[in-house]
Structures are given as C-alpha cells and as structure tokens.
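Chain by chain, the residues run as shown.
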Amino acid sequence: MSSRFVVFLIPLVVIAIFWAMSRAENKLAHDPTHKGFFERNGAVLGVTFILLVAFWTLFLVVLPYLYMVVESFHPKLPPAQRGGPDDVLTIAQYKSFFINPVDDKLNTTHIYAFVFTIIASVAVTAVNFAICYPLAYYMAQAGTAQKVRLIMLGLIVPYWVNEILRAFSLRLLLASRGLINQALMGLGITSEPIDFLGNNVGLYVGLSYAYLLVMIFPLYNAIESLDKNQIEAARDLGAPWWKIHRDVVIPYAKPGIASGCTMVFMLAAGSLAAPQFLGGPSTLWFTSIVYDFFFQSFNWPRGAAYAFILLAACIAFVMLMLRLFKVSLGETIK
C-alpha cells in the first residue's frame, strides 16, 4: 500500500474518534444535570457543527500536514514514475538540508537562512511586545472608553489594506529616495540616503507592523481582566511603577503574553510577502527557499522536508518558551 494512500485513511480514524466521543457522552445521559451535545444545540445545528469541524480539521489542517510529511520522505520523480519501483521512502530530502547534494559539503546557505529566520523572528516578537505592552496596559487599565475606541479604530483601520499593498507602501517610505530619506536629508540630519532595505530595517519594520494586532489583542484581553484594586493596593503600599508591572501585571498577564508572542513568532517565521518585498538583496528568508522548491524547481519532496523542519523547529521553540515561563498551552488559548 502506498504511503501517500495511507494519509487518506486518516478521516476514518478521526470519524472513529468522534464516534467514541459520542458514545462516551451518551453514558452520561443518566445524569439529569448533564445535557448531551444535540440536546444543547439541536439536531440540525449539532450536525452542522460536527460537519464544519470535521471538514476544517481533516481537509484544512490534518490531511495537508500529513501529506506534506509523507511527501518529504519520497524522492523527486516525474509524475509517471510516482508510485513505481523507484518511489521508495528515503531521508535524502532531510539530509540535503545539512549536506548539499551537489557537492556533498555542508549546506551553509540554507542553514544560515534557517538560523537567521529564527533569530529575526525572535527579534520581531520582542519588538512587538515592547511596543504593544504599554499600549495594551493603557487601553485596559488607564484609558477612558472613548480613547480606547479611538485607539482600537486607529489600529484596525490600516489593516483594511491588503498586506502586499502595505509592504509596497513601506518599501516606498524606506527606499533610498523614499519619503523618510528625503526628510532626513532635507532636515540636514544625514548627507546621503540610508540603506534601510539593504540593512534589513525594512524587513523588521514590515514584520513588526504586519503582526501588531496579533500581539496587542491577547495582551489587552489578559490585562483587562486584572482587578484594578490590585494595582491600587500595590501603589498604596509604595511600590514603584516598574515593580507593579513586574510583580502584579506581568505575572497575571503571562497567558496573554505567551499567546501573543507565540502567534507573532510563528507568523513571522512563516512569512513570505514581507521578506520578499522588504528584504535586502542579500537577505535569504527560509520560507522563500521553501517557496522556490515548490514553485520554481518543482521539487515538492524537498520543499515539504524544509517546511516540516521549519514547523518542527518553531513548535519546539514555542514549547520551550512555554516551559521556561511556566505557562501551559491551554492557558494561551483561553
């Protein structure tokens, strides 16, 4: 049986799991305080929910990722040879990440791109947190309702514009003859244009701006639920502002911080548009390499292997951070 065919047996496993869950719930029917799923939602709405969740889980999450993993363990072959005697399982695609198959030397180019992507994504996450935390605190604890609405409006309206158009706009602003350089030279601050794009300033600005809302909303939701009396009590006891944030606000908002940082890091590491439009000529983003394997060289197995390496590294990094900050995964999705 082909390994690719096995992937499509997964829906049967998921359906069996759903059936087992329904059977387990039926056993609780003797409890008068417990209402079953269909009792709570009705037959029509309950079936609709199950079908939508099953479709989303299977066809938009589980099957694409599983097929990508299976594809990464196959060699690159013409369509006519797929499923034939040469289509065997191999780890050559993963080996190519470390050893260049062309010259059998260390694949420094792709390893450097991978490390740079991870480090840059961490930097973008840190910058986003530094920008969003004070703003989220003000919106949740200090600002009036009218000011909070205006800030929310100012944050959301720019995101009505397409991400690619925003990236092009930032490129025009940060270009050598862009508005920022023209203003700096006009004011006499610099005598020649600053190469913002070549120094990856545009890349960091673009990624930070692209995922600003992803950071600020979890922070706002977490800080908003904090009782203001705790902050006032800390002030009455003479605690300075930085101790209030260190000992009261940040420990309470750790789930929101972890959630925002996780999403920003994952999205930044997997970004494609911003690195291509705002990166310098020497910038090599790992997702651009994956994109080239899929759509330029049509080497889907190697592209799948690289994509899975990036996914596994991001998940491992996120789980490590959650462990270091002593926050469970369940707390981050509340």
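Everything below is about the structure shown above.
Worth saying up front: this structure is predicted, and the values here are computed from it rather than measured.

Criteria and thresholds
Residues numbered from 1 in each chain as written. Predicted model: local features only at pLDDT ≥ 70, side-chain atom pairs only at ≥ 80, totals over all residues. Heavy atoms only, no water. Helix = DSSP H or I, 4+ residues; strand = E, 2+ residues; numbered from the N terminus. Contact = heavy atoms within 4.5 Å. Areas by Shrake-Rupley, 256 points an atom, 1.4 Å probe, with all protein chains shown as cover. Expected span 1.5 Å × (residues − 1). Bend = angle between axes of the 7 residues up to and from the residue. Buried < 20%, exposed > 50% of the residue type's maximum accessible area, 1.4 Å probe, protein only. Core = buried A, V, L, I, M, F, W, Y, C linked by side-chain atoms within 4.5 Å. 1 Å grid on protein atoms, 1.4 Å probe; cavity = no way out; pocket = protein on both sides within 12 Å on 5 of 7 lines; lining within 4 Å. Points joined across faces, edges and corners; volume = space filled by probe spheres on them. Nonpolar A, V, L, I, M, F, W, Y, C, P; charged D, E, K, R; others polar. Phe/Tyr/Trp six-rings, centres within 6.5 Å; stacked < 30°, edge-to-face > 60°. Axes fitted to C-alpha atoms, helices over the stretch in contact; angles between N-to-C directions. Parallel < 35°, antiparallel > 145°, perpendicular 65-115°, else oblique.

Attention now goes to the overall build of the protein chain. Helix and strand counts for the protein chain come out as 18 helices and 0 strands. For the protein chain, the proportion of contacts with a sequence separation of at least 24, taken over those separated by at least 6, is 66%. A total accessible area of about 20,000 Å² is found for the protein chain, and carbon and sulfur atoms account for 69% of it.

Glancing now at helix 4 (residues 43-72). Because each turn of an α-helix spans 3.6 residues, side chains separated by three or four positions in sequence point in the same direction. Relative to the 44 Å expected for 30 residues at 1.5 Å per residue, helix 4 spans 42 Å between its end C-alpha atoms, a close match to the ideal helical length. A bend of about 40° at V62 is the largest found in helix 4, and the proline P64 appears one to four places after it. Listing the buried residues of helix 4 in full gives G46, A54, L58, L63, M68, V70, E71 and S72.

Moving on: unusual backbone geometry. Phi at D104 is positive, roughly 60°, even though this residue is not glycine. One non-glycine residue, F298, adopts positive backbone phi at about 55°. Within the element layout of this structure, F298 appears in the loop between helix 16 (286-295) and helix 17 (300-324).

Moving on, we get to helix 14 (residues 254-269). Under the 1.5 Å per step criterion, the end-to-end length of helix 14 is 22 Å for 16 residues, consistent within 8% with the ideal 22 Å. Where helix 14 is concerned, the buried positions are G256, I257, A258, S259, G260, V264, F265, A268 and A269.

The next thing to look at is the nonpolar core. A general tendency of soluble globular proteins is for nonpolar side chains to be buried together. By size, the foremost hydrophobic cluster in this structure holds 37 residues, and its most contacted members are M139, L207, I216, L219, Y220, I223 and V249. Where this core is concerned, the elements lending two or more residues are helix 6 (108-142), helix 7 (145-156), helix 10 (201-210), helix 11 (212-224), helix 12 (228-236), helix 13 (241-252) and helix 14. If you look at the next biggest cluster of nonpolar residues, it comprises 24 residues, including Y94, F97, F286 and A304.

Let us now look at the layout of surface pockets. If you add up the space inside the largest pocket, you get close to 590 Å³. For the lining of the largest pocket, the elements supplying multiple residues, two or more each, are helix 4, helix 14, helix 16 and helix 17. Split by residue class, the lining of the largest pocket holds 16 nonpolar, 2 polar and no charged.

Turning our attention to the packing of aromatic side chains. Enumeration over the complete set of coordinates arrives at 18 aromatic pairs. Here a set of aromatic residues connected by ring pairs shows up, and it is made of F97, F98, F114, F286, F293 and Y306.

It is at 11 Å that the axes of helix 6 and helix 12 come closest, and there the two elements cross at 100°. One finds that helix 6 runs roughly perpendicular with respect to helix 12. When helix 6 is examined against helix 12, the residues Y137, A140 and Q141 are found in contact with a partner set consisting of K228, I231 and R235. Here the contact of helix 6 with helix 12 is built from residues that sort into 3 nonpolar, 1 polar and 2 charged.

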